[in-house]
Structure formats: structure tokens, C-alpha cells
Amino acid sequence: MASSTIVHGKGDNKVVKWSERDPQKIRHKVPGQDPRPVIDYTNLDIINNHEGLKGRAITESTEDGHHFFMENYQRMFANNKPLPSIPIGRRDQPMKSISNEATGSATAVPSSTNRLSDIVSPETLSHDVADHMAKLHKERKIVDPVIIAAKRIKELRTLLKKLPYERTAEDNDIIYTHLKEFPLLSEQLSNKELKELCTTAHMDIWKDEDYTVFGNNGFHIILRGSVVPQTEPWLRTRGHPGEFRSPTPILTTTVHTDKDVTELTVGDCFGTLERLEGKEPNSKVLTVLTKSVPCEFLKISSNDFKRITEQIRERHISEKINLIQACKRYQLWPRQSLHKLAELIRWTKFPENTVLVSEGYLCPFIAFIKSGDCHVLRQVDVLQKMPNGSQEKRLKQVVMGRLQEAESFGEISVLDAEAITCSIVTASDIKLGIITPERLQDLEETTKALLRQSNERLYGNLTRDDIHNEYIDQELKREWNQFKHGVVVDVINTKGIRPGYGKWSTK
């Protein structure tokens, strides 16, 4: 059927075929002439004088001249308006700005050869439509939790189709990010443990219905399909052994909610990270039956979990042993005693100017300095001259020494429950490995005796005269520094020098 066009007249409707229209009839008006000047002769002269373009003897322009002309030819026009064109650049590259100020008329433009110097040409030109769609449409951030969860499951399935040794570090980082959103797994593990386990996670696929999946050999997250729990409980979390008295199949139960659930679907979990002691791998505990097939599970094997946690624990113990052995008093200790002492250490941090312990009080812990340093202070009674001329006894703190990395303190105070002989204040941000008195009770007597023999009271051999003499020396140095500073200030003031003013100004 031939198409036609209806032309509406004043009295009737006349049907005209599109092929019979008057070819001479102008359907669109031609834009009128702009009365303003069209050519900017100053810019035209600059372009013509370019080394790669000028000269009639040159039949072809140089490559540099060609690029210069193509980048700046639009500047020859007085009404320099941007022409419609395809955006230049890719989504992963920043767009470079192009100066586009109106030049005005030819008579009003100053003759400067630097007018084209601000023009910057993009380096790349993309003809891929996908690179420009993001600029045309504003990207919307999805906030619907259902859509986010579905996208997370889809991405996990895609990444787990690769074998563990085929995945890149970036793939494992994405898996780690997604697994942190499963509380039943992430709350059982530290960040280091979860990150290590992501490198061993793999896909477990079951294509047949009513097959038994044993959860005692690993932790499973359902990515596709559904299963029916066969025993209660079907999930065992770390540190909560639970009761597994009966392997009888169950009909209804609860999945961390108040609803009766007879089916586990995408996003639910079953199994255990720690294998049950005394149970066979194919026992009925923690088992489920496949229902909607094919079923796909993210599986973390119990053997991999045990191996990785032991490796992480050994690394932590080795780090603590190295810290203890770096201290001079512990360098000759046997490895077994160092290992027992390292098992009691936990890490902690303190900011600068923190009083860790005060003189005359029990030390709250045995500390090994991993980074940072501390001031060691002692108290001394001195006579201080008051403004009215009288003298009064005052208690002053004197810095007697400094504790740095690979040093320890507090052993004798904690072991013998006696007051420490000095105050310790952090001189910078500090990281310590500490052993509290409660944890020290688990240490055997042989190691305690060795710990007592290897240490002595911190600055405990100082007499009152030693402390008083150190205080006098520090006060004399302080007064001498104040005197020198005062002399310099008096000289400057006498000569009329004012730092920061007049010819001594830093501006």
C-alpha cells in the first residue's frame, strides 16, 4: 500500500502522494545572513604565518601545520560558536577543556600572537557509541536491596566458574567484597581470614534432584536453586558447637527468623567451617536435599579453613616471637619458652602523651615496644622560689631516660605485684605487644621463673642524689637556653629589627 500525505487547505482536505510533491517547493527556510563581520583577520593572519603552512612554493603542508590548522581553523571566524560534533575522548579519560571565547569584530581585537596559545587539542577520538552514552544519560545508582543482592549473586557465579588458580587478585578482591555482605559468614571470620579463604572458595554444582549434600565438610552459600534441610540444625557457626543428637529428617524449622521454613533458597547458608569432631564426613548431621535443580553452591572447605587459620596463627606467633627476641634480655631464651610467652601477647596502640603507668602504682601489663618510644620519668622533691621570695617544696618530674623499639618494661611489677619505680609516658604514637596479669596466670612456673631472672626493676638502682643531680643539670640547660634566647631578642630589639616587618618581611 502506497503511503500518502494529507494536505489541509481552507475548504477541503487534499491527499497528495509523497512521490508527486513539487520538487521546487522549499520546505525549510534558509537561515538569513548575519550582518556582523564573519572573518577575524587577526587570527587568520596568525594561522597563515604558521611555519608549516606559509609559502606558495610548498605544495603540501607539514604534518605539524596540518594539525595546527585543523585544531584552530574555527578561530578564523568572528562569531566563534562551537559546531555540533561527536564528543571526543573515552569514558576512562578526562575531557580536556578548549577555550572558546568570542573574539568580537575584526577592528576590536588586539593584535597579539598569543591568542591561540590557550587552545588544547584532545589526544584521542573515540567512535564507540558506548563511550558517549554515559555522558548523554546520567548514571543512576541502584539502591534497591533486592536488585543489589541479585547482582551480587550473579557476579559471584561468574567468578566462581573459574578455578581458584585461574582467578586473578582482582577477582579474589571482588569475591571478598561480596562475601562481606553475608553476615553468617563474615561475622565468624576476621578480615584476614576471609580474604585468604576467598582464594580457595569454589563452585559446587549438583544437577540431580533429591541428592544429599553433606554440610559437615564445608560451609555452603546457595547461589542457585533450592534445598530442603534434612536435619536440625543445618548450620553450625564458629565457636557455637550446637547439639546434634538426632539425624532424623525434619519437616519444619526456623532460619534465623520467626517464620517456619521448609526450604533454603538463594542467599541462605548451611554447613560448617569447623568440622565436627567424632562425626564421619558422610554422617547425617548438617545435611540437605537438593530440590530445585541445578543447584550451585559457593563452598569453603573445612580442610582449607583449618589450614589457613593455622597459617595465619603461625604468622602472628612468629611476629610476636621476633618482637620478644629482639629485646636484649630475651635473646638467649629457648624457642619453646618464647612460643609460650608469645601466645599470651595481644596488640594495642596508644597516642602521644599518654601516661602508661605512674610511679608508685602497679604496672597494668608487661609491654614490648614494637614501634614508637616512651619517656621514663622519676619524681624528685625540690625547693622552688615563689614570686614573693619565699621557697616551697614542690614535687617535680625528671626525664631519666627513653624506651625505644625492641625494649620492654613492667615484668617485675606484674610478676611480683609491686609498684613500679618510675612513670612511663609515650613520646609518640606507639604500638605495644602486652601481656595482662590475668593472661600471665596461664603461664607455667618454669617460664615465670625464667621471666623473673631475665629482668630487673626499671631504673631501680638510681639513688635520690642521682635523680636530684639530673634535675639540676636539666634546669641549668633550660635556664641557659632561656638566657641565650633573651640576649638574641634584646639585640634584635636594640637594632630595630622586627622579623616579618619592613625589609625583613618574608613577603
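For clarity, every value in this text was computed on a predicted model and none was experimentally measured.

**So, the confidence of the model for the protein chain**
With 73% of its residues at a pLDDT of 70 or more, the protein chain has an overall mean of 78. Here residues 82-123 scores under 50 on pLDDT; set against residues more than four positions off or in separate chains, the count is 70 contacts.

**A word on the side chain of Asp-304**
Within the secondary structure layout, Asp-304 lies in helix H8 (residues 302-326). Overall, Asp-304 belongs to the buried group, its relative accessible area being 18%. For Asp-304, the side chain forms a polar contact with the side chain of Arg-307, separated by 3.3 Å. Those residues in contact with Asp-304, other than ones at most four positions away along the chain, are Leu-197 and Thr-200.

**Quick word on unusual backbone geometry**
A cis amide bond links Val-293 to the next residue, Pro-294, at an omega of 0 degrees. With respect to the helices and strands, Pro-294 occurs in strand S10 (residues 287-301). A positive phi is found at Asp-210, a non-glycine position, where the angle reads about 60 degrees. Mapped onto the fold, Asp-210 is located in the loop between strand S3 (202-206) and strand S4 (212-214).

**So, the packing of aromatic side chains**
Here the structure, examined in full by the defined rule, presents five aromatic pairs. Judged by centre distance (5.7 Å) and plane angle (25 degrees), the ring pair of Trp-480 and Phe-483 falls under stacked. Here Trp-480 pairs with Phe-483, and both are found in helix H13 (residues 464-494), just three residues apart, close to one helical turn. Judged by its relative accessible area of 49%, Phe-483 falls in the partly exposed class. The rings of Tyr-330, Trp-333 and Phe-368 are connected pair by pair, giving a single aromatic cluster. The positively charged end of Lys-195 is found above the aromatic ring belonging to Tyr-176, 4.9 Å away from the centroid. Between Lys-431 and the ring centre of Trp-347, over which it is positioned, the NZ or CZ distance is 5.0 Å.

**Digging into the sheet that holds strand S18 (residues 430-435)**
Ordered by their spatial adjacency, four strands build an open sheet running S11-S18-S13-S16, and the pairing between neighbours is antiparallel. Of all the strands in the sheet, just strand S11 (346-350) and strand S16 (408-409) have a single pairing partner and so form its edges. Across five bridges, S11 lies against S18 in antiparallel orientation. Each bridged residue has a counterpart across the sheet, and for Trp-347 the counterpart in S18 is Gly-433.

**Quick notes on the pairing of S18**
For S18, a buried count of five out of six residues is recorded, marking the element as mostly surrounded by other parts of the structure. In this structure, strand S13 (residues 366-371) lies alongside S18, joined through five bridges in antiparallel fashion. Looking at S18, one finds that Phe-368 is bridged to Gly-433.

**A look at the pairing of strand S14 (residues 374-385)**
In the case of a regular strand, side chains alternate between the two sheet surfaces. Where S14 and strand S15 (residues 391-403) come together, 12 bridges link them in antiparallel fashion. By the bridge assignment for S15, Gln-379 is matched with Gln-397. Examined bridge by bridge, S14 and strand S17 (residues 423-426) share four bridges and lie antiparallel to one another. Residue pairing for S17: Cys-374 is matched across the bridge by Thr-426.

**Examining the packing of helix H4 (residues 145-160) against helix H5 (residues 169-179)**
With their axes 10 Å apart at the nearest point, H4 and H5 run at an angle of 145 degrees to one another. Considering the relative orientation of H4 and H5, their crossing is left-handed. In this structure, H4 uses Arg-152, Glu-155, Leu-156, Leu-159 and Leu-160 to contact H5, whose residues at the interface are Asp-171, Ile-174, Ile-175 and His-178.

**A short note on the sheet that holds S15**
Strand order in the open sheet formed by four strands is S12-S17-S14-S15, and the pairing between neighbours is antiparallel. Edge positions in the sheet fall to strand S12 (355-357) and S15, since each of these pairs with one other strand and no more. Between one strand and the next, the sheet's axes are offset by a mean angle of 40 degrees, whatever the strand orientation. Each of S14 and S15 touches H13; the most contacted strand, S14, lies at about 80 degrees to it.

**Some points on a nonpolar patch on the surface**
Together, Val-38, Phe-69, Met-70, Tyr-73 and Phe-77 make up an exposed nonpolar region whose accessible area comes to about 420 Å². Position of Tyr-73 relative to the elements: it lies in the loop between helix H2 (63-72) and helix H3 (130-136). A relative accessible area of 30% places Tyr-73 in the partly exposed class.

**As for the nonpolar core**
Core analysis: the largest hydrophobic core is formed by 37 residues, its most contacted members being Tyr-330, Leu-341, Phe-368, Phe-409, Ile-424 and Leu-440. Not counting residues up to four positions away in its chain, the partners in contact with Phe-409 are Leu-356, Cys-363, Phe-365, Ile-366, Ala-367, Ile-369, Leu-403, Ile-424 and Leu-458.

**Concerning the pattern of salt bridges**
Pairs may arise between side chains of opposite charge once their charged atoms sit close together. Inspection of every chain in the model, using the stated rule, returns 18 salt bridges. Across the pair Glu-263 and Lys-291 runs a salt bridge whose closest N-O atoms are separated by 3.3 Å. With Glu-263 in the loop between strand S8 (260-261) and strand S9 (269-272) and Lys-291 in strand S10, the pair connects residues that are 28 residues apart, well separated along the chain. In this structure Glu-263 comes out as partly exposed when scored by relative accessible area, which is 24%. Linked through salt bridges whose partners overlap, the residues forming this network are Arg-157, Arg-224 and Glu-296.

**What to know about H5**
Every α-helix winds through 3.6 residues per turn, so residues three or four apart in the chain are directed the same way. Of the residues making up H5, those classed as buried are Asp-171, Asn-172, Ile-175, Tyr-176, His-178 and Leu-179. Axial view of H5: buried residues confined to an arc of 165 degrees, hence all on one face. Facing away from the buried surface of H5 by more than 90 degrees, the exposed residues are Ala-169 and Glu-170. Among the structural elements, H4, helix H6 (183-186), helix H7 (191-197), strand S5 (218-229) and S10 are those in contact with the buried residues of H5.

**Points about helix H12 (residues 445-453)**
Residues Thr-447, Lys-448 and Leu-451 constitute the buried set of H12. Across the axial projection of H12, the buried residues extend over an arc of 105 degrees, all falling on one side. Exposed residues on H12 whose side chains face more than 90 degrees from its buried face are Glu-445, Thr-446 and Gln-453. Considering only its buried residues, H12 is in contact with helix H9 (335-342), S13, helix H10 (411-416) and helix H11 (437-440).

Procedures and definitions
- Residues numbered from 1 in each chain as written.
- Predicted model: local features only at pLDDT ≥ 70, side-chain atom pairs only at ≥ 80, totals over all residues.
- Heavy atoms only, no water.
- pLDDT = per-residue confidence, 0-100.
- Contact = heavy atoms within 4.5 Å.
- Helix = DSSP H or I, 4+ residues; strand = E, 2+ residues; numbered from the N terminus.
- Buried < 20%, exposed > 50% of the residue type's maximum accessible area, 1.4 Å probe, protein only.
- Polar contact = N/O pair within 3.5 Å; in protein donor to acceptor, adjacent residues only side chain to side chain.
- Phe/Tyr/Trp six-rings, centres within 6.5 Å; stacked < 30°, edge-to-face > 60°.
- Lys NZ or Arg CZ within 6 Å of the ring centre and 35° of its normal.
- Pairing = 2+ DSSP bridges.
- Axes fitted to C-alpha atoms, helices over the stretch in contact; angles between N-to-C directions.
- Left-handed = near helix turned anticlockwise from the far one by under 90°.
- Patch = residues over 30% accessible without salt bridge, like charges linked within 9 Å, V, L, I, M, F, W, Y side chains within 5 Å.
- Areas by Shrake-Rupley, 256 points an atom, 1.4 Å probe, with all protein chains shown as cover.
- Salt bridge = Lys/Arg side-chain N within 4 Å of Asp/Glu carboxyl O.
- Core = buried A, V, L, I, M, F, W, Y, C linked by side-chain atoms within 4.5 Å.
- Arc of directions from axis to C-beta.

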